[in-house]
Amino acid sequence: MTADADPARTGGPGDVAGLRRLAVDTLDANWEHDHTVPSRTLYPHQWSWDSAFIAIGLAQVRPERAWRELASLFRAQWADGRVPHIVFNPAMRVGAYFPGPEMWRSADAQGAPTVATSGLVQPPVHALAAWLAYRRAPGPAGLDALRRLYPALVAQQRYLADRRDVAGDGLVCIVHPWESGLDNSPAWDEPMGAVGADAAVMRAYRRHDTTHADAAHRPTDLDYARYLAIVTAYRDHGYSDRDLADAHPFLVECPLFNAAFGAAEHALAEIATLVDADPGPHRVRAARVTEALLRRLYDPSTGTFQPRDLRTDRLVGARTVLGLTPLILPDLPARHADALVVEARSARFGVDRRMDQPLPTYDRTAPDFEPLRYWRGPSWLNIGWLIRRGLLAHGHPELAAGLRRSMIGLVVGAGCHEYFHPDTGAGLGSPAFSWTAALLLDLLAE
Ligand code: 9WN
């Protein structure tokens, strides 16, 4: 197959109808009474940003489920507005996922819902997802769903703006690498290096992930020891965001999280006009987020965005795909968008009209690039999907088309895997991963 042939239109297993069927079957198999599990084996509960991506795909084929997916997630919203990154299914056996409800102990925290959840959040892509789901499935049922979701989406943003602006600079701070969604990205190596923990503590626990996936494709035991140390610190602080700057071991401003935070305000402005609310304040807030991102996370010396470690007040050096994601902001100035496109097209990320290799999550020329290990190199569809949107928003339809073909080609070659080898495209992680299926449906519909 040539690099510019559309892999979905060349016959064989990659034909559009066959791909759509594969995606729908994957989503149907992962549907669980009121939500979709990311994977039956690795992630058998509900995850926050997964549900958002999943709703975008479901809107095309099972619109009623798309709204139920978001509604069930937001039923677990805390009183302070936070949307938990995991909602535990009480019907699952103890030990089905680590760390499970017994580690998080959300019932002991103020303002937690009755269902057990984690106390962390994930990138707020939900308003964008709700808006895009409505565009795929407009009509009275969708409008009702948007009306019900709108106040919850506003409360989610208010939580992030009011409680998580630790530096007081207009940006949201994440308190755990799991909040970024890119758990073991090299972006977190510097801040994680300061978290005191010993891999040996993991002897006391049973990791669930490495019984279902190759340990070489997952975060290390030292990563997990640190993840648990940070969870314990936050939990023992009652999951309160007061005085985080004094003692919390991990405080970082992430470009992707904040780009999603800004994109949410743009999406809320669109939703507001549909539900008879005022879009004005959302537009004002969206502009402020873009301005803060440029001021605090843009590095003119590299022409890309870098996370800021609030414990040292320094930008992280690693060049990861996180830095490209502010492209999703429609109001990013042309000069900065152009710089990101240069970075995207460089040998580090290889975005092109005809892509020879999939988009990696980390600079593929870096000496510590790891093609197999989770977010340290492999290609993920949600990231490509976001960057493709950004390329379209900033006037690069040919690059966007190249990226789209490359992403569809991954599924044609390997199925709805969780992630893909960034050189060969081989499937890695879960073989039946929900957001891969959902976003494939979205790409096929374009
Ligand atoms: C921890 C569910 C989630 C995704 C994350 C991905 C992975 C969990 C894990 O799976 O994280 O939250 O156990 O590794 O990194 O982005 O939401 O698919």
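Residues numbered from 1 in each chain as written. Predicted model: local features only at pLDDT ≥ 70, side-chain atom pairs only at ≥ 80, totals over all residues. Heavy atoms only, no water.

S.K.: Before we move on, could you go through the UniProt feature "domain: Mannosylglycerate hydrolase MGH1-like glycoside hydrolase" (unreviewed entry) in the protein and cite the residues and values that matter?
M.R.: Here the UniProt-annotated "domain: Mannosylglycerate hydrolase MGH1-like glycoside hydrolase" (unreviewed entry) positions come out as residues 43-436. Between the end C-alpha atoms of residues 43-436 there is a gap of 14 Å, over a span that is 46% helix and 5% strand. (UniProt positions renumbered as here; feature names shortened; annotations may be inferred. Helix = DSSP H or I, 4+ residues; strand = E, 2+ residues; numbered from the N terminus.)

S.K.: If you had to explain the pattern of salt bridges to someone new, which residues and values would you point to?
M.R.: Under the criterion given, the structure shown has 31 salt bridges. Residues R82 and D241 are paired through a salt bridge, measuring 3.7 Å at the closest nitrogen-oxygen approach. With R82 in the loop between helix 3 (63-75) and strand 4 (86-87) and D241 in the loop between helix 10 (221-236) and helix 11 (244-247), the pair connects residues that are 159 residues apart, well separated along the chain. With respect to burial, R82 and D241 carry one shared label: buried. One salt bridge in this structure joins R296 and D313, with 3.5 Å as the shortest N-O distance. One end of the pair, R296, is in helix 13 (residues 280-297); the other, D313, is in the loop between strand 8 (308-309) and strand 9 (314-315), with 17 residues separating them in the sequence. Here D313 falls in the partly exposed class, since its relative accessible area comes to 43%. Through salt bridges with shared partners, a single network forms among D80, R82, R164, E179 and D241. (Salt bridge = Lys/Arg side-chain N within 4 Å of Asp/Glu carboxyl O. Buried < 20%, exposed > 50% of the residue type's maximum accessible area, 1.4 Å probe, protein only.)

S.K.: So what's going on with the confidence of the model for the protein? Residues and values would help.
M.R.: Here the protein averages 96 in pLDDT, and 97% of its residues register 70 or above. Within the protein, helix 9 (residues 209-212) has the poorest average pLDDT of any element, 91, and helix 12 (residues 255-274) the best, 99. (pLDDT = per-residue confidence, 0-100.)

S.K.: Outline the sheet that holds strand 5 (residues 252-253), supporting the account with residue identities and numerical values.
M.R.: In space, the three strands of this open sheet follow the order 5-8-9, with antiparallel pairing throughout. For this open sheet the edge positions go to strand 5 and strand 9, each flanked by a neighbour on one side alone. (Pairing = 2+ DSSP bridges.)

S.K.: Give a detailed account of the site of the ligand, specifying residues and quantitative values.
M.R.: Residues in close proximity to the ligand total 17 residues, the closest being D50, Y97, G181, D183 and Y374. Between the ligand and D183, the relevant distance is 2.8 Å, taken from an oxygen atom to a side-chain nitrogen or oxygen of the residue. Contact distances for the ligand include 3.0 Å between an oxygen atom and a side-chain N or O atom of R218. Protein chains shield 100% of the accessible area of the ligand, which is 410 Å² for the free molecule. Residue classes in the shell around the ligand are distributed as eleven nonpolar, three polar and three charged. (Near = heavy atom within 4 Å. Polar contact = N/O pair within 3.5 Å; in protein donor to acceptor, adjacent residues only side chain to side chain. Areas by Shrake-Rupley, 256 points an atom, 1.4 Å probe, with all protein chains shown as cover. Nonpolar A, V, L, I, M, F, W, Y, C, P; charged D, E, K, R; others polar.)

S.K.: Before we move on, could you go through the packing of helix 2 (residues 48-61) against helix 17 (residues 434-445) and cite the residues and values that matter?
M.R.: Their axes nearest at 8 Å, the elements helix 2 and helix 17 cross at an angle of 45 degrees. Relative to helix 17, helix 2 is oriented oblique. Between helix 2 and helix 17 the crossing geometry is left-handed. Residue-level contacts link W49, D50, F53, I54, I56, G57, Q60 and V61 of helix 2 to S434, W435, A438, L439, L441, D442 and A445 of helix 17. Split by residue class, the contact of helix 2 with helix 17 holds ten nonpolar, three polar and two charged. (Axes fitted to C-alpha atoms, helices over the stretch in contact; angles between N-to-C directions. Parallel < 35°, antiparallel > 145°, perpendicular 65-115°, else oblique. Left-handed = near helix turned anticlockwise from the far one by under 90°. Contact = heavy atoms within 4.5 Å.)

S.K.: An account of the environment of L327 is needed here, citing residue identities and associated values.
M.R.: Here L327 shows up in the loop between strand 9 and helix 14 (334-345). Residue L327 is classed as buried on the basis of its relative accessible area, which comes to 0%. Considered as a pair, L327 and P84 are 243 residues apart in the sequence and their alpha carbons are 26 Å apart.

S.K.: Just give me the short version of the side chain of R376, but keep the residues and values in it.
M.R.: Structurally, the position occupied by R376 is in the loop between helix 14 and helix 15 (381-393). One polar contact links R376 to D189, side chain to side chain, over a distance of 2.8 Å. Dropping the residues within four chain positions of it, R376 is found in contact with N184, S185, P186, D189, T361, Y362, D368, F369 and E370.

S.K.: Any chance you could break down the nonpolar core for me, citing the residues and the numbers?
M.R.: Judged by nonpolar contacts, the single largest core of 143 residues is most densely connected at W67, W188, I271, L359, I383 and L391. In terms of residues, this core owes the most to one element, helix 12, which gives eleven residues. Those residues within four positions of L391 in sequence are excluded, and the remaining contacts are L327, V341, V351, H396, L399, A400 and L403. (Core = buried A, V, L, I, M, F, W, Y, C linked by side-chain atoms within 4.5 Å.)

S.K.: Would you mind going over the packing of helix 15 against helix 16 (residues 397-414) in detail, with residue names and values included?
M.R.: Axis separation between helix 15 and helix 16 bottoms out at 8 Å; the angle between their running directions is 160 degrees. In terms of orientation, helix 15 and helix 16 fall into the roughly antiparallel class. Judged by the twist between their axes, the crossing of helix 15 over helix 16 is left-handed. Here L381, G384, W385, I387, R388, L391 and L392 of helix 15 lie close against helix 16, whose contacting residues are P397, L399, A400, L403, R404, M407, L410 and V411. The residue inventory of the contact of helix 15 with helix 16, partitioned by class, reads twelve nonpolar, one polar and two charged.

S.K.: Quick one: what's the story with the packing of aromatic side chains, residue by residue and with numbers?
M.R.: Each aromatic ring pair is described using two quantities: the centre-to-centre distance and the angle formed by the ring planes. Evaluated as defined, the whole model comprises 24 aromatic pairs. Here Y43 and W47 contribute two aromatic rings whose centre-to-centre distance is 5.4 Å and whose plane-to-plane angle is 70 degrees, an arrangement assigned as edge-to-face. Its relative accessible area of 8% is what places Y43 among the buried residues. On the numbers, 5.5 Å between centres and 70 degrees between planes, the contact of F53 with W435 is edge-to-face. With F53 in helix 2 and W435 in helix 17, this pair connects stretches of sequence that are 382 residues apart. Across the pair, exposure class does not vary: F53 and W435 are buried alike. Just above the ring of Y374 sits the side chain of R218; from NZ or CZ to the centre is 4.4 Å. (Phe/Tyr/Trp six-rings, centres within 6.5 Å; stacked < 30°, edge-to-face > 60°. Lys NZ or Arg CZ within 6 Å of the ring centre and 35° of its normal.)

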